[in-house]
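# Structural overview for review
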Amino acid sequence: MRARDKTAVSALRATLAALDNAEAVPVDEAEPRAAALEHSPVGAGATEAARRELSEHRVVDVVRAEAAERLEAAAQLTAPAHADRAARLRAEAAVLLAFVDGPGLDGPGVA
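This is a predicted model, so every value here is computed, not measured.

### Comments concerning the overall build of the chain
Counting its secondary structure elements, the chain contains three helices and zero strands. Starting at the N terminus, the α and β elements of the chain follow one another as α-α-α. A buried classification covers 21% of the 111 residues belonging to the chain. At a minimum sequence separation of 6, the contacts of the chain that also span at least 24 residues come to 71%. Carbon together with sulfur atoms contributes 55% to the accessible area of the chain, which is approximately 8300 Å² in total.

### Side note on helix α2 (residues 56-76)
Here α2 spans 31 Å end to end across 21 residues, near enough to the 30 Å set by a 1.5 Å rise per residue. Among the residues of α2, Val62, Val63, Glu66, Ala67, Arg70 and Ala74 are the ones counted as buried. Relative to the axis of α2, the buried residues are bounded by an arc of 130° and lie together on one face. Residues of α2 that are exposed and point more than 90 degrees away from the buried face comprise His57, Glu72, Ala75 and Gln76.

### Structural notes on the pattern of salt bridges
Scanning all chains against the criterion turns up four salt bridges. Salt-bridge contacts for Glu66 lead to Arg70; the nearest nitrogen and oxygen are separated by 3.1 Å. One end of the pair, Glu66, and the other, Arg70, are both in helix α2, four residues apart, so they sit about a helical turn from each other. The same class applies to Glu66 and to Arg70, which are both buried. Among the salt bridges present, the one from Glu92 reaches Arg70, with a minimum N-O distance of 2.7 Å. Placement of Glu92 in helix α3 (residues 83-101) and of Arg70 in helix α2 is noted, with a sequence separation of 22 residues between them. According to the relative accessible area criterion, Arg70 is buried, its value standing at 9%. Members of the salt-bridge network, linked through shared partners, are Glu66, Arg70 and Glu92.

### Observations regarding the packing of α2 against α3
Direction vectors running N to C along α2 and α3 enclose 160°, while the axes themselves pass 8 Å from each other. Considering their axes alone, α2 and α3 lie roughly antiparallel with respect to each other. The handedness of the crossing between α2 and α3 is left-handed. Where α2 approaches α3, its residues Val60, Val63, Arg64, Glu66, Ala67, Arg70, Leu71, Ala73 and Ala74 are matched on the opposing element by Ala86, Leu89, Arg90, Glu92, Ala93, Leu96, Leu97, Val100 and Asp101.

### Some remarks on the confidence of the model for the chain
Per-residue confidence for the chain gives a mean pLDDT of 81; residues scoring 70 or more make up 68%. Helix α1 (residues 2-23) is the least confidently modelled element of the chain, averaging 88 in pLDDT, while α2 averages 96, the highest of any element. This stretch, residues 104-111, has a pLDDT under 50; its non-local contacts, to residues over four places away or in other chains, come to seven contacts.

### As for the nonpolar core
Counting six residues, the largest nonpolar core consists of Ala11, Val63, Ala67, Ala93, Leu96 and Leu97. Secondary structure elements with two or more residues in this core: α2 and α3. For this core, the element with the most residues is α3, which contributes three residues. Excluding residues within four positions of it along the chain, Val63 makes contact with Thr15, Leu96 and Val100.

What counts and what doesn't
Residues numbered from 1 in each chain as written. Predicted model: local features only at pLDDT ≥ 70, side-chain atom pairs only at ≥ 80, totals over all residues. Heavy atoms only, no water. Helix = DSSP H or I, 4+ residues; strand = E, 2+ residues; numbered from the N terminus. Buried < 20%, exposed > 50% of the residue type's maximum accessible area, 1.4 Å probe, protein only. Contact = heavy atoms within 4.5 Å. Areas by Shrake-Rupley, 256 points an atom, 1.4 Å probe, with all protein chains shown as cover. Expected span 1.5 Å × (residues − 1). Arc of directions from axis to C-beta. Salt bridge = Lys/Arg side-chain N within 4 Å of Asp/Glu carboxyl O. Axes fitted to C-alpha atoms, helices over the stretch in contact; angles between N-to-C directions. Parallel < 35°, antiparallel > 145°, perpendicular 65-115°, else oblique. Left-handed = near helix turned anticlockwise from the far one by under 90°. pLDDT = per-residue confidence, 0-100. Core = buried A, V, L, I, M, F, W, Y, C linked by side-chain atoms within 4.5 Å.

Here it is as C-alpha cells:
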C-alpha cells in the first residue's frame, strides 16, 4: 500500500507543479519596466500579477499531458534494467488518468 501512495504522491506533486506553471502569467519582454525608484510600485503585493484561471477543460488537458509524458517515457525504457522505472511511470500515469477518466482504470494493460 505504501508503494502505491508514493507513486500517487509523486504523480500528483508533479502535476500540481505543471498546473501551477500553466496558471502563470507570461512575462512580456516588451513591457517597460520602472526606470527609477520613485516609479516603482509600493506596498505589499503591488508587484504581484494575477494568475490565470484555468478552465476545467484546460486542467484536464494538463493532467492528460502529464500522463502522456509518463507513458511515452515508459515506452522508451526498454532495457530490463529500467523495468522498475517504466512500471512506476505507468502506475503514475494510471493515477493521473483515474482523476480525469474516473474509476475503472485498474484493468489489464494500464498498470
